[in-house]
Amino acid sequence: MAEVEVLEDEIDLSALSDEELVIQMHDDLYDGLADEIFEGTTILLGRGWGPSKVLDEALVEGMRIVGIDFRDGILFVPEVLLSANAMKAGMGILRPLLAETGALPVGKVVIGTVKGDIHDIGKNLVGMMLEGAGFEVIDLGINTDVEEFLGALDEHKPDILGMSALLTTTMPYMKVVIDTLEAKSLRSEYMVIVGGAPLNLEFAEAIGADAYCRDAAVAAETAKRLIAERRALAA
Ligand code: B1M
């Protein structure tokens with residue numbers, strides 16, 4: 001009986017209009033419902049939507065709403081991880097299609113937790129939020145030393161280098177990376193964003209980073225702003 005009631009409450013996504021379905025997908029992303037996001041993405045593609053349109057209007061917009069509520073303390077880490085997981089379910093379908101159509105990501109980010117530090121929950125959230133904002137993210141994982149950062153920058157040629165640190169003992173390593181970029185005359189090639197609980201704006205400025213991001217939502221907003229500013233300068 002209980003099962004019947006649950007089934008009666010379920011929404012038939014395929015019966016919704018495009019507009020209703022997109023709004024429903026925003027709700028489902030918010031609620032971290034990966035199966036529904038997978039289904040909604042499949043339905044929109046089946047109705048002739050291009051992968052970029054599905055990404056922008058259904059997924060990225062949904063994650064933008066999640067990001068705002070995370071920033072404002074309405075959503076918390078476990079909920080955002082579920083949303084990010086649901087986003088990944090949609091991205092899994094869209095990623096190969098986007099590659100086929102040659103749709104360009106907003107930009108590329110190489111990200112890692114610095115040497116000596118194994119905290120990665122925040123860094124992973126940042127990576128997911130950046131993906132949600134349309135960035136291609138190359139995640140180097142934890143305990144990343146300067147050689148690994150340099151190797152990844154050389155290989156992937158990102159727009160942005162992102163570093164995370166959760167320990168007061170590891171945050172100075174960010175300066176080692178930035179100083180090495182300076183020493184190799186590579187600093188101007190990349191915009192550097194940093195974050196992690198013990199950091200603040202003063203520290204970011206002191207080590208020569210381009211931006212300090214207090215949380216994952218701010219990181220995604222900041223990355224978009226930095227890209228837009230650089231493109232405006234180049235135009
Ligand atoms: Co550790 N740990 N930990 N820990 N740990 C802290 C950081 C600590 C504050 C706990 C405490 O003592 N109160 C303390 C640091 C003290 C200090 O340095 N002043 C600490 C310590 C001491 C340690 C060990 C040394 C403990 C020991 O072994 N004696 C050890 C260190 C190991 C190492 O790294 N070498 C250690 C180990 C661990 C675990 C492995 C058990 C585990 C990590 C699991 C994992 O990450 N996979 C762990 C955890 C979970 C924590 C706490 C409890 C939670 C961290 C977390 O995930 N927060 C933490 C206490 C705390 O912060 N309350 C603590 C949630 C996460 C979403 O937030 O990471 O801040 P956060 O990320 C945010 C922002 O900071 C920002 O956006 C994120 C999302 O909004 N952000 C960025 C982060 N990176 C960013 C990058 C950006 C932009 C924004 O751009 C690139």
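See the structure shown above.
> So what exactly am I meant to see when it comes to the overall build of the protein chain here?
Helix and strand content of the protein chain: ten helices and five strands. By the compact-globule yardstick of 18 Å for 235 residues, the protein chain fits well, its C-alpha radius of gyration being 19 Å. If one aligns the C-alpha atoms of the protein chain with their principal axes, the spans along those axes are about 65 × 40 × 25 Å. Buried positions account for 46% of the 235 residues belonging to the protein chain. Restricting the contact set of the protein chain to residue pairs at least 6 apart, pairs at least 24 apart contribute 72%. Taken as a whole, the protein chain presents about 11,700 Å² of accessible surface, with 56% of it coming from carbon and sulfur. A distance of 11 Å separates the average location of the 18 positive side-chain charges in the protein chain from that of its 42 negative side-chain charges.

> So what exactly am I meant to see when it comes to the packing of aromatic side chains here?
Within the structure shown, the criterion is met by zero aromatic pairs. Stacked on the ring of Trp 49, the Lys or Arg Lys 53 has its end atom at 4.4 Å from the ring centre.

> Looking at this structure, how should I read unusual backbone geometry?
Note: most peptide bonds trans; most residues except glycine with negative phi. In this structure, Asn 143 takes a positive phi of about 50° despite not being glycine. Its location among the elements puts Asn 143 in the loop between strand S2 (136–139) and helix H7 (146–156). Although it is not a glycine, Lys 157 sits at a positive phi angle of roughly 45°. Structurally, the position occupied by Lys 157 is in the loop between H7 and strand S3 (160–164).

> What should I look at first to understand the site of the ligand in this one?
Neighbouring the ligand are 27 residues, the closest being Gly 116, Ile 118, His 119, Asp 120 and Ser 164. Here a nitrogen atom of the ligand and a side-chain polar atom of Asp 120 are 2.7 Å apart. Ala 197 is positioned with one of its backbone polar atoms (N or O) 3.2 Å from an oxygen atom of the ligand. The element contributing the most residues to the shell around the ligand is helix H6 (residues 121–132), with four residues. Looking at side-chain class alone, the shell around the ligand contains 15 nonpolar, eight polar and four charged residues.

> How should the side chain of Glu 131 be read in this particular structure?
Of note, Glu 131 is situated in helix H6. Glu 131 gets classed as buried once you look at its relative accessible area, which sits at 18%. Excluding anything up to four places from it in sequence, Glu 131 contacts Met 87, Lys 88, Arg 95 and Val 137.

> Mind showing me how you'd approach the sheet that holds strand S1 (residues 108–113) here?
Each strand in a sheet pairs with its neighbour through backbone hydrogen bonds, running either in the same direction (parallel) or in the opposite one (antiparallel). Sheet architecture is open: five strands sit in the order S2-S1-S3-S4-S5, paired in parallel fashion. Two strands bound the open sheet, and with one partner strand each, they are S2 and strand S5 (211–212). Across five bridges, the pairing between S3 and strand S4 (residues 191–195) is parallel. Counted as the bridge partner of Ser 164 is Gly 195 from S4.

Parameters and conventions
- Residues numbered from 1 in each chain as written.
- Predicted model: local features only at pLDDT ≥ 70, side-chain atom pairs only at ≥ 80, totals over all residues.
- Heavy atoms only, no water.
- Helix = DSSP H or I, 4+ residues; strand = E, 2+ residues; numbered from the N terminus.
- Rg over C-alpha atoms; globule rule 2.2 N^0.38 Å.
- Buried < 20%, exposed > 50% of the residue type's maximum accessible area, 1.4 Å probe, protein only.
- Contact = heavy atoms within 4.5 Å.
- Areas by Shrake-Rupley, 256 points an atom, 1.4 Å probe, with all protein chains shown as cover.
- Lys, Arg positive; Asp, Glu negative; His and termini not counted.
- Charge placed at Lys NZ, Arg CZ, Asp CG, Glu CD.
- Phe/Tyr/Trp six-rings, centres within 6.5 Å; stacked < 30°, edge-to-face > 60°.
- Lys NZ or Arg CZ within 6 Å of the ring centre and 35° of its normal.
- Near = heavy atom within 4 Å.
- Polar contact = N/O pair within 3.5 Å; in protein donor to acceptor, adjacent residues only side chain to side chain.
- Nonpolar A, V, L, I, M, F, W, Y, C, P; charged D, E, K, R; others polar.
- Pairing = 2+ DSSP bridges.

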